[in-house]
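Structure at a glance
For reference, the chains in residue letters:
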Amino acid sequence: MIVRPVVEKYAEEVSSAAPPWLAPLVADTEAATELPAMMVGSMQGEFLASLVFALRPRRILEIGTFTGYSALCMAQTMPGDAELHTCELSPLHASIARKHFAASPWAERITLWEGPALTSVRDLPGPFDLVFVDADKPGYVDYYEAVLPKLAPHGLILADNVLQFGGVANERDQQPDTLAMRAFNAHVAADPRVRQSVLTVREGVSVIRLAG
Ligand SMILES: C[S@@+](CC[C@H](N)C(=O)[O-])C[C@H]1O[C@@H](n2cnc3c(N)ncnc32)[C@H](O)[C@@H]1O
């Protein structure tokens with residue numbers, strides 16, 4: 001987290017709690033995966049749900065399903081005729097996500113593409129109204145370049161973890177993910193095709209749109 005822990009805790013407490021139907025997914029994720037903290041969590045999940053509620057995207061693309069937490073947060077508020085495509089490399093993560101997608105009311109409208117996301121994205125036709133990028137950090141520039149030509153004219157790309165707990169602003173932090181996020185942030189900032197705002201939500205979320 002980037003803001004002071006006491007403030008982060010307060011913000012979590014006064015944000016709406018995760019819906020109770022996500023509890024079995026969280027339990028499975030904690031029991032069967034090594035890094036359950038990869039789930040976006042309740043505050044960011046509600047943030048995604050609110051964006052989908054307001055923007056009414058017809059086609060949503062997620063890169064980095066994990067066990068399906070963020071996908072289901074978005075699915076719950078998507079319009080009745082919308083579809084959500086989500087990409088995951090790990091067979092274990094994909095199997096847990098599939099189980100919880102199947103148990104949800106949105107099973108028919110969620111498609112999980114198992115395998116390297118870049119391959120899936122290249123094969124998927126656009127346009128996408130909302131893209132949520134939350135997978136391997138060294139892949140972000142390639143995901144961005146693959147997705148941008150498929151973004152709807154009024155679409156948004158959301159990129160997660162772009163501030164790496166603030167490490168991107170500390171030149172002494174040379175961890176591979178920090179280097180990857182610094183390169184991604186600079187790449188987008190220098191791209192005249194888009195406008196971006198980098199929000200200090202949790203580990204940092206960039207909101208990217210086509211330049212008007
Ligand atoms: C941070 S987690 C995603 C969290 C998820 N959005 C959520 O809120 O539950 C990142 C996921 O990306 C997946 N991943 C890593 N490299 C990938 C790749 N090349 N293609 C697709 N998925 C990948 C990982 O297996 C992991 O499940």
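Parameters and conventions
Residues numbered from 1 in each chain as written. Predicted model: local features only at pLDDT ≥ 70, side-chain atom pairs only at ≥ 80, totals over all residues. Heavy atoms only, no water. Salt bridge = Lys/Arg side-chain N within 4 Å of Asp/Glu carboxyl O. Helix = DSSP H or I, 4+ residues; strand = E, 2+ residues; numbered from the N terminus. Buried < 20%, exposed > 50% of the residue type's maximum accessible area, 1.4 Å probe, protein only. Near = heavy atom within 4 Å. Polar contact = N/O pair within 3.5 Å; in protein donor to acceptor, adjacent residues only side chain to side chain. Areas by Shrake-Rupley, 256 points an atom, 1.4 Å probe, with all protein chains shown as cover. Nonpolar A, V, L, I, M, F, W, Y, C, P; charged D, E, K, R; others polar. Pairing = 2+ DSSP bridges. Axes fitted to C-alpha atoms, helices over the stretch in contact; angles between N-to-C directions. Contact = heavy atoms within 4.5 Å. Phe/Tyr/Trp six-rings, centres within 6.5 Å; stacked < 30°, edge-to-face > 60°. Lys NZ or Arg CZ within 6 Å of the ring centre and 35° of its normal.

Under the annotation held in an unreviewed UniProt entry, the chain carries the name O-methyltransferase and is attributed to Streptomyces cremeus.

With that settled, consider the pattern of salt bridges. By the definition in use, this model includes eight salt bridges. Notably, a salt bridge pairs Arg-58 with Asp-81, separated by 2.9 Å at the nearest N-O pair. Of the two residues, Arg-58 is situated in the loop between α3 (41-55) and β1 (59-63) and Asp-81 in the loop between α4 (69-75) and β2 (83-88); the sequence distance between them amounts to 23 residues. Its relative accessible area of 40% is what places Arg-58 among the partly exposed residues. For Arg-59, the salt bridge identified is with Glu-83, shortest N-O distance 2.7 Å. One end of the pair, Arg-59, is in strand β1; the other, Glu-83, is in strand β2, with 24 residues separating them in the sequence. Through salt bridges with shared partners, a single ionic network connects Glu-145, Asp-191 and Arg-193.

Of all residues adjacent to the ligand, which total 20 residues, the nearest are Ser-70, Glu-88, His-93, Ala-117 and Asp-134. Here a nitrogen atom of the ligand sits 3.1 Å away from a polar atom, N or O, in the main chain of Leu-89. One nitrogen or oxygen atom from the side chain of His-93 is found 2.8 Å from an oxygen atom belonging to the ligand. Notes on the ligand: free accessible area 610 Å², of which the protein chains cover 89%. Each residue belonging to the shell around the ligand can be placed in one class, and the counts come to ten nonpolar, six polar and four charged.

Taken in spatial order, the seven strands make up an open sheet running β3-β2-β1-β4-β5-β7-β6, and their pairing is mixed. Only two strands of the sheet have a single neighbouring strand rather than two, namely β3 (110-114) and β6 (194-199). In this sheet, adjacent strand axes meet at a mean angle of 15 degrees when their direction is disregarded. As paired strands, β2 and β3 are joined by five bridges and run parallel to one another. When the sheet's bridge partners are listed, Glu-88 is paired in β3 with Glu-114. Each of β1, β4 (128-133), β5 (151-160), β6 and β7 (205-210) touches α3; the most contacted strand, β5, lies at about 175 degrees to it. Where helix α7 (residues 140-147) meets the sheet, it contacts β1, β4, β5, β6 and β7, and its direction lies at approximately 170 degrees from that of β5.

A separate point is the side chain of Lys-137. Here Lys-137 is to be found in the loop between β4 and α7. Of note is the side chain of Lys-137, whose polar atom sits 2.8 Å from the side chain of Asn-161. With sequence-adjacent residues up to four places away left out, Lys-137 is seen in contact with Asp-160, Asn-161, Gln-164, Asp-177, Ala-180 and Met-181.

Here we come to the packing of aromatic side chains. If you walk through the whole model with that rule in mind, you get three aromatic pairs. Ring centres of Trp-21 and Trp-106 lie 5.4 Å apart, and the angle between their planes is 55 degrees; this geometry places the pair in the tilted category. With Trp-21 in the loop between α1 (5-14) and α2 (23-32) and Trp-106 in the loop between α5 (91-102) and β3, this pair connects stretches of sequence that are 85 residues apart. Since its relative accessible area comes to 13%, Trp-106 is described here as buried. Measuring from centroid to centroid gives 6.0 Å for Tyr-144 and Phe-184, while their planes differ by 85 degrees, and the two rings are edge-to-face. Taken together, the positions of Tyr-144 in helix α7 and Phe-184 in helix α8 (residues 176-189) put the pair 40 residues apart, joining distant regions of the chain. For the pair formed by Tyr-144 and Phe-184, the shared burial category is buried. Over the face of the ring belonging to Phe-128 we find Arg-59, whose NZ or CZ atom lies 4.6 Å from the ring centre.

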